[in-house]
Amino acid sequence: MEGSQSGYSPSSQFSGSAISIPLGNGRYWSPKNYSPRQGGMYTLRDALAYSVNLVSVRCVRELGIERVREYAAKIMNIPVERLAPYLSLALGVSNVSPLEQASGYAVFASGGLRYDRLFILQIDDYWGRTIYRANPQPVRVISPETAISMISMLGSVVSYGTGTRAQGVGFPCGGKTGTTQDGRDAWWVGFTPDLSAAVWVGNEDYSPMNDASGGGFCAPVWAKFMREAMQILGYNGKFPEGSGVVATRRPRRDSEARKQPQVVTLCEDSHERATPYCPSTYEKTFQPNERIPGPCTLHRGNRPRAPAAGSEEREGTGGGTVTVNVCTETGLLAGPACPSTEERTFPAGRAPRTRCTVHHAPE
């Protein structure tokens, strides 16, 4: 979304904890993350890199489904009616073709410009004279700042997220994995500065695939194709403002943000605004005249953690503690793919700060 309108940047944080959305008639929709691990706070960059579904749902809910449909339709150049008007759109419930997805991702690579899809670029007659040449005109559909933010975030998918197997291209690139819950579809859509392509893998009879994932099945195919295509076509361009740029979008002014009720993620222990260190969170809606709590201090080591009634103070907590979710195999911060995790409390300043790299995150 446009930064001046949405106010979010790659470093904006959302909760990945469980959520149930009322559908009416006593029914609820309770989406899940691909990984069995729920909870914790994620930046939008990390949530995209690790395909955290619950963050996607919350982000779409905050922005508004109609705004998301409008932008997605403009980017892919398709009728907005083809996109489902439900929050499940965040998980890819609407059908779009590989070509439509590839052209949509090309908008990011071009700095926010969309070109019409063309099947014929030029026609020459028998004597080599050109009798037709297409003259596509670009249309700006998102700002350069937003496009650069997306290039940077989708690059994180490749550098450390679910798309690490797309790293063999040899050029700056970005993209996104996708895998249906039943393993019938696996996707990878990605781009370099000059070329965008989508890869889909599935069985002809649409039967489920064993251990299917977009990162494992499609990303290597894409990387091999793109590496050869870039060499054959002689492409060697650069992303707008350089491939290493990280753009952030302008936050909303407080006066604008407080005109409407806000959904805020709070720490279950302190009931203050949740931080990435909070192990358990919940959401609360604040009205414009209500005060929103400050950041949680209980899980940041700034205050000693008060023991629960009837319990003993833990050793080494005199200077405050930090409780984090760690991988039991490596002792590092747990990622979505870690098979065994547990919450551990450390003295302030002693908690691990590096995320586990042994278990690569699936989507």
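Look above for the structure.
Since this is a predicted model, take the numbers as computed values, not measurements. (Residues numbered from 1 in each chain as written. Predicted model: local features only at pLDDT ≥ 70, side-chain atom pairs only at ≥ 80, totals over all residues. Heavy atoms only, no water.)

## Comments concerning the overall build of the protein
Here is the rule we go by: Working definition: helices are DSSP H or I runs of at least four residues, strands are E runs of at least two. Numbering for both runs from the N terminus. Only protein chains enter the accessibility calculation, which uses a 1.4 Å probe; a residue whose area is less than 20% of its type maximum is buried, one above 50% is exposed, and one in between is partly exposed. Working rule for contacts: check all heavy atoms of both residues, and any pair within 4.5 Å makes them a contact. Per-residue and other accessible areas were derived by the Shrake-Rupley procedure at a 1.4 Å probe size, with only the shown protein chains allowed to occlude residues.
The helix and strand inventory of the protein stands at 8 helices and 15 strands. Looking at the protein as a whole, 45% of its 363 residues are labelled buried. Here the analysis covers contacts within the protein between residues at least 6 apart in sequence; of these, 55% occur between residues at least 24 apart. As presented, the protein carries roughly 19,400 Å² of accessible surface, and 49% of it is formed by carbon and sulfur atoms.

## Digging into the pattern of salt bridges
It is possible for side chains of opposite charge to pair when their charged atoms get near one another. In plain terms, the rule: A carboxyl oxygen of Asp or Glu within 4 Å of a side-chain nitrogen of Lys or Arg is what we treat as a salt bridge.
Applying the stated rule across the entire model yields 3 salt bridges. Close ionic contact of Glu-66 with Arg-69 constitutes a salt bridge, the shortest N to O distance being 3.0 Å. You can see Glu-66 and its partner Arg-69 sitting in helix H4 (residues 65-76), 3 residues apart, about one turn around the helix. Residue Glu-66 is classed as partly exposed on the basis of its relative accessible area of 46%. The partner of Asp-125 in a salt bridge is Arg-129, and the shortest N-O contact between them spans 2.9 Å.

## Section: the packing of aromatic side chains
Quick note on the threshold: A pair of aromatic rings is counted whenever rings of Phe, Tyr or Trp (Trp by its six-membered ring) have centres within 6.5 Å, and the orientation is called stacked for planes under 30 degrees apart, edge-to-face for over 60 and tilted otherwise.
The tally for this structure, following the rule as stated, stands at 6 aromatic pairs. Their ring planes at 65° and their centres at 5.7 Å tell us that Tyr-50 and Tyr-160 sit as a pair that is edge-to-face. Highlighted residues: Tyr-50 in helix H2 (residues 44-50) and Tyr-160 in the loop between helix H6 (144-159) and strand S9 (174-179), separated in sequence by 110 residues. The partly exposed category is assigned to Tyr-160, whose relative accessible area is 30%. Seen in terms of ring centroids, Tyr-126 and Trp-127 are 5.4 Å apart; in terms of plane orientation they differ by 85°. Their pairing is edge-to-face. For the residue pair Tyr-126 and Trp-127, the accessibility class agrees, reading exposed in each case. Grouped by ring-pair contacts, the aromatic residues Tyr-105, Phe-108 and Phe-191 constitute a single cluster.

## Looking at helix H5 (residues 98-109)
Rules: In a helix, the anticipated span is given by 1.5 Å times the number of residues less one.
Here H5 contains 12 residues, and its C-alpha end-to-end distance of 17 Å stays within 8% of the 16 Å for a straight helix at 1.5 Å per residue. The element H5 is extensively covered by neighbouring structure, given that 9 of its 12 residues are classed as buried. On its buried side, H5 packs onto H4, strand S5 (113-114), H6, S9, strand S10 (186-191) and strand S11 (196-201). Gly-111 occupies a position one or two residues after H5 and carries a positive phi of about 85°.

## Re the sheet that holds S9
Defined as follows: Only strands joined by at least two bridges in the DSSP assignment are considered to pair. Fitted lines through C-alpha atoms give the axes, limited to the stretch in contact for helices. The angle between two N-to-C directions lies from 0 to 180 degrees.
Taken in spatial order, the 3 strands make up an open sheet running S9-S10-S11, and their pairing is antiparallel. Strands with a single pairing partner mark the edges of an open sheet, and in this sheet they are S9 and S11. Strand-to-strand twist of the sheet, defined as the mean angle between neighbouring strand axes without regard to direction, takes the value 10°. In this structure, S10 lies alongside S11, joined through 6 bridges in antiparallel fashion. Paired with Trp-188 across the bridge in S11 is Val-199. Against the sheet, H5 touches S9, S10 and S11, its axis set at about 35° to S10. Lying on the sheet, helix H7 (residues 214-233) is in contact with S9, S10 and S11; it crosses S10 at an angle near 35°.

## Re a nonpolar patch on the surface
Short version of the rule: Patch membership is restricted to residues that have no salt bridge and whose relative accessible area is over 30%. Joining uses 9 Å for like charges and 5 Å for the nonpolar side chains Val, Leu, Ile, Met, Phe, Trp and Tyr.
A cluster of nonpolar residues, Leu-99, Phe-119, Ile-120, Ile-123, Ile-131 and Tyr-132, forms a patch on the protein surface that exposes about 640 Å² of accessible area. Positionally, Tyr-132 belongs in strand S7 (residues 130-133).

## Concerning the packing of H5 against H6
How we decide: Oblique is the label for any angle not covered by the other classes, which are roughly parallel (under 35 degrees), roughly antiparallel (over 145) and roughly perpendicular (65 to 115). Ten residues, namely Ala, Val, Leu, Ile, Met, Phe, Trp, Tyr, Cys and Pro, are considered nonpolar, four, namely Asp, Glu, Lys and Arg, are considered charged, and the remaining ones, Gly among them, are considered polar.
Where H5 contacts H6, the axes come no closer than 7 Å and their chain directions differ by 110°. By the criterion of interaxial angle, the relationship of H5 to H6 is roughly perpendicular. Along the contact surface, H5 presents Tyr-105, Val-107, Phe-108 and Ala-109, while H6 presents Ala-147, Met-150, Ile-151 and Leu-154. Among the residues forming the contact of H5 with H6, the class breakdown is 8 nonpolar, no polar and no charged.

## Notes on the nonpolar core
Grouped burial of nonpolar side chains is what soluble globular proteins tend to show. To keep things clear, this is the line we draw: Grouping buried Ala, Val, Leu, Ile, Met, Phe, Trp, Tyr and Cys residues that are joined through side-chain atoms within 4.5 Å yields what is termed a nonpolar core.
Among the nonpolar cores identified, the biggest contains 57 residues, and Phe-108, Trp-188, Phe-191 and Trp-222 are the most heavily contacted of them. A per-element tally of this core places H6 first, with 7 residues. Membership of the second largest hydrophobic core comes to 6 residues, among which are Met-41, Cys-267, Cys-296 and Leu-298.

## Things to note about unusual backbone geometry
Phi is positive for Asp-211, close to 55°, though the residue is something other than glycine. In this fold, Asp-211 is placed in the loop between S11 and H7. Residue classification places Asp-211 among the exposed positions, given a relative accessible area of 74%. The backbone phi angle of His-271 is positive, close to 60°, even though this residue is not glycine. Topologically, His-271 is positioned in the loop between strand S12 (262-267) and strand S13 (281-286). Residue His-271 is classed as partly exposed on the basis of its relative accessible area, which comes to 45%.

## Description of the side chain of Ser-103
Worth spelling out the cut-off: Any pair of nitrogen or oxygen atoms within 3.5 Å is treated as a polar contact; in protein, a donor-acceptor pairing is required on top of that, and neighbouring residues in sequence qualify only through side-chain atoms on both sides.
You can see Ser-103 is positioned in helix H5. You can call Ser-103 buried: its relative accessible area is 16%. Only 2.8 Å separates the side chain of Ser-103 from the side chain of Arg-117, close enough to count as a polar contact.

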